[in-house]
Amino acid sequence: FPSHDIAQNNSEMTLICTARNPYERVFSYFNRQFLGRNIRPTQGEFEKFVNDLIENKSNFIKFFNKTLISLSEREPDFLIRKESMYEDYLKIPFIRDSKLVSCGILEEMCQRKINDNSSSYNSSDYYTQQIKNSVYTFMKLEFDTFGYSE
């Protein structure tokens, strides 16, 4: 969601919003701090990161807030979830009827992993129930809007 100004000032335009599971999104941002280092982040570091995020001690909060403001001002016409990207794109008529679909390029593009951080860390190893509850409460609007379950 690039900016709430786009949603607010262009109500006649089709608004398409991409989303990623909020749990994975938070973990990915945390994990980026460790790229290129030969140390494995700890569960305690992740818990501190989430607490700092919620307590507004992180720069990432600006990005989350912009998304939340945008979603509260105008719901998207179409949602594209990372986990079902190709299927979600096919719900948009002008994309479904395009040559990108008929020649297979869209499906190929949706299967590519972009911005691979090459992490072998599994987010489920870092999420305790308490941390999951905190992230869910903090990002409830995104969970609800994008149809992700707690």
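See the structure above.
Residues numbered from 1 in each chain as written. Predicted model: local features only at pLDDT ≥ 70, side-chain atom pairs only at ≥ 80, totals over all residues. Heavy atoms only, no water.

S.K.: Hey, could you go over helix 3 (residues 43-54) for me, with residue numbers and the actual values?
M.R.: When the terminal C-alpha atoms of helix 3 are compared, their 17 Å separation across 12 residues agrees well with the 16 Å that a helix rising 1.5 Å per residue should span. Buried residues of helix 3: Phe46, Phe49, Val50, Asp52 and Leu53, and no others. Mapping the buried residues of helix 3 onto a view down its axis gives an arc of 165 degrees, with all of them on the same face. (Helix = DSSP H or I, 4+ residues; strand = E, 2+ residues; numbered from the N terminus. Expected span 1.5 Å × (residues − 1). Buried < 20%, exposed > 50% of the residue type's maximum accessible area, 1.4 Å probe, protein only. Arc of directions from axis to C-beta.)

S.K.: Residues and numbers for the nonpolar core, please.
M.R.: With 22 residues, the main nonpolar core has Val26, Phe46, Val50, Tyr127, Val135 and Phe143 as its most contacted residues. Of all hydrophobic cores here, the second largest spans 7 residues; its members include Tyr86, Val101, Leu106 and Cys110. (Core = buried A, V, L, I, M, F, W, Y, C linked by side-chain atoms within 4.5 Å.)

S.K.: I'd like a description of the pattern of salt bridges, backed by residues and values.
M.R.: Across all of its chains, the model carries 8 salt bridges by this definition. Here arginine 96 and aspartate 97 are joined by a salt bridge, their closest N and O atoms 3.7 Å apart. Taking relative accessible area as the criterion, arginine 96 reaches 39% and is therefore assigned partly exposed. Residue arginine 112 is joined to glutamate 108 by a salt bridge in which the shortest nitrogen-to-oxygen separation is 2.9 Å. (Salt bridge = Lys/Arg side-chain N within 4 Å of Asp/Glu carboxyl O.)

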